[in-house]
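Working through the structure, step by step
Here is what each chain is made of, one letter per residue.
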Amino acid sequence: TGVRGALAERGRALFDSEGCESCHSLEGVGSGLAPDLKGWGSREWTAAFIRAPGATRFFGELNEMEDFDHIQLPEAELQAVSAWLHSQASQSLKFP
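Residues numbered from 1 in each chain as written. Predicted model: local features only at pLDDT ≥ 70, side-chain atom pairs only at ≥ 80, totals over all residues. Heavy atoms only, no water.

Section: the layout of surface pockets
Test applied: Here a cavity denotes a set of grid points, spaced 1 Å apart and computed over the protein atoms alone, in which a 1.4 Å probe fits but from which it cannot get out, and a pocket denotes an open set meeting protein on both sides within 12 Å along at least five of seven lines; residues with an atom within 4 Å of a point are reported as lining. Grid points are joined across faces, edges and corners, and a volume is the space filled by probe spheres set on the points. The way it works is that DSSP assigns letters per residue, a run of H or I at least four long becomes a helix, a run of E at least two long becomes a strand, and they are numbered from the N terminus. Side-chain classes are defined by residue name, with Ala, Val, Leu, Ile, Met, Phe, Trp, Tyr, Cys and Pro counting as nonpolar, Asp, Glu, Lys and Arg as charged, and the others, Gly among them, as polar.
As a volume, the largest pocket reaches approximately 510 Å³. Elements with a minimum of two residues in the lining of the largest pocket: helix H2 (43-51) and helix H3 (75-89). Grouping the amino acids of the lining of the largest pocket by side-chain chemistry returns 16 nonpolar, 4 polar and 3 charged.

Put into structure tokens, the structure is as follows:
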């Protein structure tokens, strides 16, 4: 709601425009080539993961995702995507 809802909505738009679903899924929607992004860690953890998924604390040498540095994904956009992903985690799981 309010500012938080607007931030999350901006994050949804960025998730779509950056093509995240070409690798990731969210509740089974997307390619599924990379992990489903619903329900992982805190917003801070998610932001750190997006910045450097190849870091040892994440996937290390097994990582196939590119880093999203501050030039490619400015801090405000990173916070928006993280907010949106976490707004999805707070939604009930949907089953067919």
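Some thoughts on the packing of aromatic side chains
Here is the rule: Each Phe, Tyr or Trp ring, with Trp reduced to its six-membered ring, pairs with another whose centre is within 6.5 Å; inter-plane angles below 30 degrees give stacked pairs, above 60 give edge-to-face pairs, and intermediate values give tilted ones. Exposure is judged per residue with a 1.4 Å probe applied to protein chains only, and the accessible area is read against the type maximum: over 50% gives exposed, under 20% gives buried, and values in between give partly exposed.
Enumeration over the complete set of coordinates arrives at 5 aromatic pairs. Both rings, one in Phe49 and one in Phe59, keep their centres 5.8 Å apart while their planes meet at 65 degrees; by these two values the pair is edge-to-face. Of this pair, Phe49 sits in helix H2 while Phe59 sits in the loop between H2 and H3, and the two are 10 residues apart along the sequence. What makes Phe49 buried here is its relative accessible area of 7%. The class for Phe59 is partly exposed, based on a relative accessible area of 35%. Within the aromatic cluster, the residues linked to one another by ring pairs are Trp45, Phe49, Phe58 and Phe59.

Some thoughts on the side chain of His86
Applied cut-off: N or O atoms closer than or at 3.5 Å make up a polar contact, with two conditions inside protein: a donor-capable atom paired with an acceptor-capable one, and, for residues adjacent in sequence, both atoms drawn from side chains. Contacts between residues were defined by any pair of non-hydrogen atoms, one from each residue, lying within 4.5 Å.
Within the secondary structure, His86 sits in helix H3. A polar contact of 3.1 Å, which involves the side chain of His86, links it to the backbone oxygen of Ser42. Not counting the four nearest positions on each side in its chain, His86 is found in contact with Trp40, Gly41, Ser42, Arg43 and Thr46.

Details of a negative patch on the surface
Rules: Each patch is built from residues lacking any salt bridge and having more than 30% relative accessible area; the joining distance is 9 Å for like charges and 5 Å for nonpolar side chains (Val, Leu, Ile, Met, Phe, Trp, Tyr). Shrake-Rupley sampling with a 1.4 Å probe provides the accessible areas, and residues are treated as covered by the protein chains on show and by no other component. A carboxyl oxygen of Asp or Glu within 4 Å of a side-chain nitrogen of Lys or Arg is what we treat as a salt bridge. For this count, His and the chain ends are skipped, Lys and Arg are scored as positive, and Asp and Glu as negative. Charge positions are represented by NZ for Lys, CZ for Arg, CG for Asp and CD for Glu.
A cluster of acidic residues, Glu18, Glu66, Asp67 and Asp69, forms a negative patch on the protein surface. Here Glu66 lies in the loop between H2 and H3. A relative accessible area of 47% places Glu66 in the partly exposed class.

A look at the environment of His24
By the element assignment, His24 lies in the loop between helix H1 (2-17) and strand E1 (25-26). Put simply, His24 and Leu62 are 38 residues apart on the chain and 16 Å apart in space, counted from C-alpha to C-alpha. Reaching out from His24, the side chain makes a polar contact with the backbone oxygen of Pro35 at a distance of 2.8 Å.

Function cannot be read off these values alone, since they describe shape.
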